[in-house]
Number of protein chains: 4
Amino acid sequence: MPAIQDVLDDIVQSVGGRKERGRVAHYIPELATVDPSQFGIAVALSDGSLFEAGDSRVPFSIQSISKVFTLALALGRSGTGLWKRVGREPSGAAFDSIAQLESDKGLPRNPFINSGAIVVTDIVLAGHSPRECLGEILRFVHHLSGDESIHINDRVARSETENGFRNVATANYLRSHGNLLHEVELTLGVYFHQCAIEMSCHQLALAGRFLANGGRLNPSGPRIIVGQSARQINSLMLACGHYNGSGEFAFNVGLPGKSGVGGGIIAVVPGVASIAVWSPGLNSYGNSRLGTVAMERLAKAMDWSIFG
Amino acid sequence: MPAIQDVLDDIVQSVGGRKERGRVAHYIPELATVDPSQFGIAVALSDGSLFEAGDSRVPFSIQSISKVFTLALALGRSGTGLWKRVGREPSGAAFDSIAQLESDKGLPRNPFINSGAIVVTDIVLAGHSPRECLGEILRFVHHLSGDESIHINDRVARSETENGFRNVATANYLRSHGNLLHEVELTLGVYFHQCAIEMSCHQLALAGRFLANGGRLNPSGPRIIVGQSARQINSLMLACGHYNGSGEFAFNVGLPGKSGVGGGIIAVVPGVASIAVWSPGLNSYGNSRLGTVAMERLAKAMDWSIFG
Amino acid sequence: MPAIQDVLDDIVQSVGGRKERGRVAHYIPELATVDPSQFGIAVALSDGSLFEAGDSRVPFSIQSISKVFTLALALGRSGTGLWKRVGREPSGAAFDSIAQLESDKGLPRNPFINSGAIVVTDIVLAGHSPRECLGEILRFVHHLSGDESIHINDRVARSETENGFRNVATANYLRSHGNLLHEVELTLGVYFHQCAIEMSCHQLALAGRFLANGGRLNPSGPRIIVGQSARQINSLMLACGHYNGSGEFAFNVGLPGKSGVGGGIIAVVPGVASIAVWSPGLNSYGNSRLGTVAMERLAKAMDWSIFG
Amino acid sequence: MPAIQDVLDDIVQSVGGRKERGRVAHYIPELATVDPSQFGIAVALSDGSLFEAGDSRVPFSIQSISKVFTLALALGRSGTGLWKRVGREPSGAAFDSIAQLESDKGLPRNPFINSGAIVVTDIVLAGHSPRECLGEILRFVHHLSGDESIHINDRVARSETENGFRNVATANYLRSHGNLLHEVELTLGVYFHQCAIEMSCHQLALAGRFLANGGRLNPSGPRIIVGQSARQINSLMLACGHYNGSGEFAFNVGLPGKSGVGGGIIAVVPGVASIAVWSPGLNSYGNSRLGTVAMERLAKAMDWSIFG
C-alpha cells in the first residue's frame, strides 16, 4: 500500500486541477459566489494520525453533511422512536422531491433527503428554543472535531431562508400530515442554520471519526453514541447519502458517505479512517464532481472498501 | 465470539419455530404449495469450513437469487457495457414496478428488480440459444457450489411462464424502448427457467463464496470474476438486494444480501463468510420473513457487519 | 317537460332527506361545525325567472366555487397571458396534489385545482393590496348576483389560514418555480378569504347567470365578460370542475359545473339556466354527495344536457 | 351564419395548405408512409344534407377513432357492467401510459386511452372468435355509414402487430390484474385490426351521425343505441377524446371529439351535425395538427359550441 500522504498529494495534483469541475450550487445565492477552483482533502486514521492536502484548512458550507450530525443527536435523544417519523429506504427520487412525500402520506423515505432531515431537526428541537438547539448542534460538532472555532455563516443562513421556498413547501407539507411538531419557521430556522455551518476538510475528517470507530472519537475513547447507532448511520449513508447518486457512489467508491451542495463529502472506512474532501462544483446529482472522483481514487489506492 | 454452530442451532430453535412466518408466495401457483414450516441455514467460512442447521439440505426455488449469478456471468461477458442498459441505483419502487420504467424511458434502475434482471438475462443470452444459455447458467452454478446435482424445476418454470403476465408486460415494455434485443419469448424463457433453479442452503452458501472472497471460491483459489466485480455486486446487493426493504436490511443486518420469493436469502461477509437461509413465508416487501430475522440474529451474534 | 318548481320540490323531498349524506369537510375546523342535514337548491332561468326550494336562502361557504369568479376576473385582466402560467387540462390527480406540480415544473394543470387557483388569485392581486383585491372580488360577486349583502366569513378565513399547510406548501412550491409573483402570505391571504365568501343557493344561481348567457347577466343585458370567455370557463368547468370526479359528473349530469368543499355546486345550462345546489356532506372526491345526485335528477327531469 | 360549403372550401384553402403540418405517426411503419400533404373535411347535418371539401373521399387509417365504435357496441352488449372494468375520468397522462395503470391497480381511467380501449375490445370479443368479432365491428361501421365498402387494411394491422410492444405490455399488465379475460393475442388481434379500419372523412361524418342525433342515424330514424348512451359517449369524447390535449380541444373547439394517430378527428354538434376532418401530421399530443385547427375554424365560423 502506498503512503497515504503521497496519495493525497497525487489526488490534489491529478484530480484537484481538472478543468471540468461541475457547476457551483446556484439556488442559494450566497453559495454561488464561492471560488470553484478550490480543492481540499483530509484523512483521520483510527490511530490518531491525520493527513491532508490542498485547501484542507479552508472552511466551507457543510450543508447536507450536517444531516449526519443532527441524526446522531436525534438518535441519542429519541432513540428508535425517530423511525416512526422517518423511513430507512433509498428514495429513488430527487433530494427535494415532494411527490414521493405525497404518495407516502408525509413519511420521508430516509433522514438524508430534505424532508427527512427536516423531521430529524424537528426532533432535535423538541424542548428547546431554536437558539438553544443550534447551540447544542454547534457544541456537538465542536466536541466531535475538538475545535471550538467552528461557527455558522449567518449570511448563508439568511440567503437560504430568503430563497428556501422548496424547503418551506416541504415543511408545510410535513405539517399538513402531522409530521412536524413545531411551527414551520422554528424548525426551518434551525435547519437553515445547521446547513450554514462552516467547516474545513481538516475539521470534518476529525468530526467523522466517531462513525469510523464504532461511536467513539478514537478506539479507546469514551462513547459519543452506541456502536449500533454508528453502524446504522453508516448503513444509511451508504444507501442514501448521495441522493439519486447513492448507488453509483457505493458502486464506485464502496464506502459510506454523505455529500452536501457546498461541495463537501465525508466518507467512512469502518475501523480505519474518516475522510473529507471538498470541491465546490457539483455533478448532475448535486454531489461534488471532483470530490466524488477523489474519493474513488483514494479508496482504490488504499484498497479501502466495505465490500471486500 | 460464540461458536458458530451453537449460534445456528439456537437460530433454528428460537427463530425457525416461530408462529408468525409470513405468507408463502402465491402468484406462482407451483410455489404456493411449499410447506411453510421449513427452515434452513448454512454458513461457508473463508477458511473452507461449513456449518449448517435445520432444513439446510432441502432444495428450494432460488427465484431472484439467480439474478446474482446471471449478473456475474453478464459482467464477465459484456463488462461495463452492461451499465448502458441497466442502472445502479436503488429504485424506491416495487420489484415489479413498470411505472418507473416509463419515467426512465426503458432503463431499469438496477439489475436486481425484475426489469433489470430481464435485461441482464438478455445480455447473457446473446449469441446462444435459450437451451445453451440455460446450460451455461447451470454449469456456472455447479462450478460455484461444486455440486452438479443442482437442476431446474420444470414445473415451477412452466407455472411462471403461464402466470408471468407482469413479466411479459415488462419485457414487452423494455422491447418497445429497444432495451431487449431478443424475442420476448426467448429471453423470458431463460429468465423463468433460471428463477426455477432449485438449491439448498448448503449449496447456496457454497455458491456465494466467490463474493466473500474477492471473486475466488476460496482466498487462494482461481478467479471466478475479478475482485472489482465481486465488490460491485456486493454493493448492488447492499443497496438493491431486497427491493423496497433494502435499506431496512442494510440497517438491521449490515451485510450485502439478495432475497428470492422462494423464501431464500444469501448474504456476504466480505473476507469472512457466505451465508444462506431459507424460510418460505414472506414479509410485506416480498422477502423471507424469518430468513430476515435469522440473518439479523446471526450477524449480531457473530458481530458481522460491513459498517463497523 | 315537468314544471320546474315541482321538480325542485320533489328533489328536496326525495334527495334532500336521504340518510347517507357523506361527511362534512373536516380539514377546516370551522367548516366541520356545519349542520349536515341542510339542503337547498335554486335555478335562475335565462328568461329572468327564479325557482328555489329547501334551504335555498341559507348562506354557506362557497370555497372552490370562488375559483370561477376569480378566473372570470383574471381573464378580464390578463387575457390569454393567464394561460402561460396555468394549463387547461384535467389533472387526473387530487385537487391538492403537489406531485403533479413537481413533474410539470410548477405549471398547474388547470385553474380549478388548488395550485392553479392560487396562481389565478396571484394574477388578480397584481397592482393591488390584498384588501383592495378582496374588495374587487366581492364587488364582482355583488354585481353578478345583484346582492350587496354577500360577505366574507372571517372566522372561516382565519380557520383556513391557521390550518392551510397544504396550500402554504403549494404556494411556496409555485414560488420556487417563479410562478407566484407576490409574497406567499399576500396571495394566500386573498385566496383564503375568497374561499370564505358566504352565499346562498339563491345568490349563487343568480351569480352563475353570466355563464349561461354568453357573458351577460341576461340575454339582452350588458357584457360581464366576452362570450368566448364564458364558453371557455364552461369548458373548463366541464373537464375540471369536480376534481377527480369531473368525468363522472360530465357523464352523469352532462353539464358544466363547479363544486366547493362547503358542499355547494353550481352548474350551467348554456342559453337556458344557472343552477345552484347545497348539501354539506361530501363524497370521496370531495364534492357534495347529495348535491351531485340532485344535479343529476334535475338534469334528467328537465332533459338538460350539453351532450344531446 | 355563412354557407357551410363556403366555410369548408375556405378551410381547405387557408388551413389545408399550411406548411407546418406536424409529423406523421412513425411508430407504426406502415402509417409512416402516408403522404402528409393530404387534407379532407366533411360535415353531415341532422337534416340529412352532407358537405365536404378537399380529400374527403380518400380512405385513411381511423386508428383510435375506432374506440368510439367499439365503445358503442360494448355499451349495447354489457351495459353498465362495462364501468366496473373501465373508469370515466380524464387520465392526465399519455395515451399509452402504463404508470397510471399500476397505481390504479389495473383499472384504466377511461375507454379512450389504449388500456381502456383494449378492455372494451375484450368485452366486445366475449362469446365470439376474433374473426366473428371483427365481422361484427365492420358490420356496425357499415351500418352507421351506410357504406359496405369500408374494410380493414391488413398491412397496417400486421405492422401494428409486429411493432405493438407497448400495447402487448399493456394487455399483459391488464391480464395480471385480471382485467383481460381472453388470451392477450386474441384481444389484441381484434384491437390491432379495428384500428386498421380505413374510412374517408365522408364515411366518418356519416358514421358519427348517431352521436349527433341522440342515438339515431337521423332524428326520425330507428335507434342505434339509447339516447343516454349517445350522451355519455359524447361526454367521454369531450373529457378524454384527445388524450392529454382533451382540455385544450374542449377549450378551443368546444365540441366532443375523438382523434386517431392516422390524422383523423371526428366531432359532434349535438342535434346539429357530425364532422370529420383528416390531415396526417400530428401535434405533440398525438392529435392531427391541422385537423385540430380546422375544427376550431369550423366551430367558430358556424358558431357551434356546446358551451354557449
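Being a predicted model, the structure only gives us computed values, none of them experimental.

> Before we go on, may I ask you to explain the overall build of chain A in this structure?
Across its full length, chain A holds 13 helices and 10 strands. In summary, chain A has a C-alpha radius of gyration of 18 Å against a globular reference of 19 Å for 308 residues, a match within 12%. Seen through its principal axes, chain A has C-alpha atoms that stretch 55 × 40 × 35 Å. Residues counted as buried form 65% of the 308 residues belonging to chain A. Expressed as a percentage of contacts within chain A between residues at least 6 apart in sequence, the contacts between residues at least 24 apart total 68%. Carbon and sulfur atoms make up 51% of the accessible area of chain A, which totals about 10400 Å². When the 26 basic and 27 acidic side-chain charges of chain A are each reduced to a single mean position, those positions are 5 Å apart.

> Would you mind going over the relation of the copies chain D and chain B with me for this structure?
Here the second copy of the chain follows from the first by a rotation about an axis and a shift along it. When chain D is fitted onto chain B, the two copies agree to an RMSD of 0.0 Å after a turn of 180 degrees and an axial shift of 0.0 Å. On the angle and the small slide along the axis, the relation comes out as a two-fold axis. Residue by residue, 100% of the interface of chain D is reproduced at the interface of chain B, so both copies engage with the same surface.

> Help me understand the relation of the copies chain A and chain B in this model?
The transform that puts chain A on chain B rotates by 180 degrees and translates by 0.0 Å along the axis, for an RMSD of 0.0 Å. Both copies contact each other with a shared surface, as 100% of the interface residues of chain A are interface residues in chain B too.

> Explain the pattern of salt bridges to me, please; I cannot follow it from the model alone.
If the charged atoms of two oppositely charged side chains come close together, the side chains can form a pair. All names here are of chain B. Under the definition given, this model contains 40 salt bridges over all chains. Across the pair R109 and D104 runs a salt bridge, and its minimum N-O distance is 2.7 Å. Take D104: its relative accessible area is 23%, and that puts it in the partly exposed class.

> Could you clarify how one ought to interpret the packing of helix α5 (residues 130-145) of chain D against helix α8 (residues 184-195) of chain D in this entry?
If you want to describe how two helices pack, look at the angle between their axes and the distance between the axes. Residue and element names in this part refer to chain D. Where α5 contacts α8, the axes come no closer than 10 Å and their chain directions differ by 30 degrees. Of the possible angle classes, the one that applies to α5 and α8 is roughly parallel. By crossing handedness, the relation of α5 to α8 is classed as right-handed. Contacts between α5 and α8 involve P130, C133, L134 and I137 from the first element and L186, V190, H193 and Q194 from the second. By residue class, the composition of the contact of α5 with α8 is six nonpolar, two polar and no charged.

> What is the right way to look at the interface of chain A and chain B in this model?
How big an interface is tends to be stated in terms of the accessible area lost upon association of its parts. Counting from both sides, the interface comprises 33 residues of chain A and, opposite them, 33 residues of chain B. In this assembly, chain A packs against chain B so that about 2800 Å² is buried in total across both faces, 53% of it on carbon and sulfur atoms. Looking at the side of chain A facing chain B, the largest losses of area belong to A:R231, A:F251 and A:F307, adding up to 29% of the total buried there. On the surface where chain A and chain B come into contact, there are four salt bridges. With a closest N to O distance of 2.5 Å, B:E248 and A:R88 form a salt bridge. Viewed at the interface, chain B and chain A are joined by 16 residue pairs in polar contact (both at pLDDT 80 or more). Looking at the side of chain A that touches chain B element by element, the count peaks at eight residues for helix α11 (residues 227-240) of chain A. In terms of residue class, the side of chain A that touches chain B is built from 12 nonpolar, 14 polar and seven charged.

> Mind showing me how you'd approach the nonpolar core here?
Here is a general trend for soluble globular proteins: nonpolar side chains tend to be buried in one another's company. Counting 154 residues, the largest nonpolar core has B:F69 and D:F69 as the members making the most contacts within it. In this structure B:F69 touches B:I62, B:F140, B:V141, B:L144, B:M199, B:L204, B:A207 and B:F210, once residues within four positions along its chain are discounted. By size, the runner-up hydrophobic cluster in this structure holds 153 residues, among which are A:A25, A:C133, C:L73 and C:A212.

> Please clarify how the pairing of strand β8 (residues 264-269) of chain A should be interpreted in this entry.
Regular strands place side chains that alternate from one sheet face to the opposite one. Residues and elements named next belong to chain A. Judged by how many residues are buried, β8 sits mostly within the fold: six of six residues are covered. Here β8 shows two buried faces, one formed by G264, I266 and V268 and the other by I265, A267 and V269. Two successive antiparallel strands, strand β7 (residues 257-259) and β8, enclose a turn made up of four residues, where G263 displays a positive phi of approximately 100 degrees. Where β8 and strand β9 (residues 273-278) come together, six bridges link them in antiparallel fashion.

> Explain the packing of aromatic side chains here, please?
The description of an aromatic ring pair rests on the distance of the ring centres and on the angle between the ring planes. Counted under the stated rule, the structure contains 20 aromatic pairs over all chains. Ring centres 5.0 Å apart and planes at 40 degrees place the aromatic pair C:F95 and C:Y243 in the tilted group. With C:F95 in the loop between α2 (66-78) and α3 (99-103) and C:Y243 in the loop between α11 (227-240) and α12 (246-252), the pair connects residues that are 148 residues apart, well separated along the chain. Each member of the pair C:F95 and C:Y243 is classed as buried. The lysine or arginine in question, A:R88, covers the ring of B:F251, its NZ or CZ lying 4.2 Å from the ring centre.

> Would you explain the sheet that holds strand β2 (residues 40-45) of chain C in this entry?
Think of a sheet as strands paired side by side through backbone hydrogen bonds, with each pair either parallel or antiparallel. Residue and element names in this part refer to chain C. Within the open sheet, the five strands sit side by side as β3-β2-β9-β8-β7. Their pairing is antiparallel. Where the open sheet ends on each side, the last strands, each with one partner, are β3 (50-54) and β7 (257-259). Between one strand axis and the next, the sheet turns through 10 degrees on average, direction left out of account.

> For this particular structure, what's the right way to read unusual backbone geometry?
Note on backbone geometry: most residues besides glycine have negative phi, and most peptide bonds are trans. Positioned with a positive phi, B:Q63 is a non-glycine residue whose angle comes to about 50 degrees. Positionally, B:Q63 belongs in the loop between β4 (60-61) and α2 (66-78). In this structure, C:K105 is a non-glycine residue whose phi angle is positive, near 55 degrees. Position of C:K105 among the secondary structure elements: in the loop between α3 and α4 (114-125).

> I tried to follow the side chain of B:E89 on my own but got confused; where do I start?
Turning to its location among the elements, B:E89 is positioned in the loop between α2 and α3 (99-103). Here B:E89 sits buried without a salt bridge, and the closest side chain of opposite charge, B:R88, lies 6.7 Å off (N-O distance). Side-chain polar atoms of B:E89 contact the backbone nitrogen of A:E248, separated by 2.7 Å. In this structure B:E89 touches A:Y243, A:N244, A:G245, A:S246, A:G247, A:E248, B:R109, B:N110 and B:C240, once residues within four positions along its chain are discounted.

> Before we go on, may I ask you to explain the arrangement of the chains in this structure?
No interface is formed between chain B and chain C, the nearest pair of C-alpha atoms being 10 Å apart. Nowhere do chain A and chain D come into contact; their C-alpha atoms are at least 10 Å apart.

> Whenever I open this one, the environment of D:F249 confuses me. Can you help?
Residues and elements named next belong to chain D. Structurally, F249 can be placed in helix α12 (residues 246-252). With 46 residues separating them along the chain, F249 and M295 place their C-alpha atoms 9.1 Å apart. Apart from the residues within four sequence positions on either side, F249 is in contact with H242, G254, L255, G257, I265, T292 and M295.

> I tried to follow the interface of chain D and chain B on my own but got confused; where do I start?
The interface is formed by 14 residues belonging to chain D together with 14 residues belonging to chain B. The tally of links from chain D across to chain B stands at eight residue pairs in polar contact (both at pLDDT 80 or more). Those elements that provide at least two residues to the side of chain D that touches chain B are α3 (99-103) and α7 (165-176) of chain D. Take the side of chain D that touches chain B: its biggest share by element is eight residues, from α7(D). Along the lines of polarity and charge, the residues of the side of chain D that touches chain B split into six nonpolar, four polar and four charged.

Criteria and thresholds
Residues numbered from 1 in each chain as written. Chains lettered and ligands numbered in written order. Predicted model: local features only at pLDDT ≥ 70, side-chain atom pairs only at ≥ 80, totals over all residues. Heavy atoms only, no water. Helix = DSSP H or I, 4+ residues; strand = E, 2+ residues; numbered from the N terminus. Rg over C-alpha atoms; globule rule 2.2 N^0.38 Å. Buried < 20%, exposed > 50% of the residue type's maximum accessible area, 1.4 Å probe, protein only. Contact = heavy atoms within 4.5 Å. Areas by Shrake-Rupley, 256 points an atom, 1.4 Å probe, with all protein chains shown as cover. Lys, Arg positive; Asp, Glu negative; His and termini not counted. Charge placed at Lys NZ, Arg CZ, Asp CG, Glu CD. Least-squares fit on C-alpha atoms with pLDDT ≥ 70 in both. Salt bridge = Lys/Arg side-chain N within 4 Å of Asp/Glu carboxyl O. Axes fitted to C-alpha atoms, helices over the stretch in contact; angles between N-to-C directions. Parallel < 35°, antiparallel > 145°, perpendicular 65-115°, else oblique. Left-handed = near helix turned anticlockwise from the far one by under 90°. Nonpolar A, V, L, I, M, F, W, Y, C, P; charged D, E, K, R; others polar. Buried area = accessible area lost by both parts, 1.4 Å probe. Polar contact = N/O pair within 3.5 Å; in protein donor to acceptor, adjacent residues only side chain to side chain. Core = buried A, V, L, I, M, F, W, Y, C linked by side-chain atoms within 4.5 Å. Pairing = 2+ DSSP bridges. Phe/Tyr/Trp six-rings, centres within 6.5 Å; stacked < 30°, edge-to-face > 60°. Lys NZ or Arg CZ within 6 Å of the ring centre and 35° of its normal.

Spatial relationships are all this shows, so hold off on functional conclusions.
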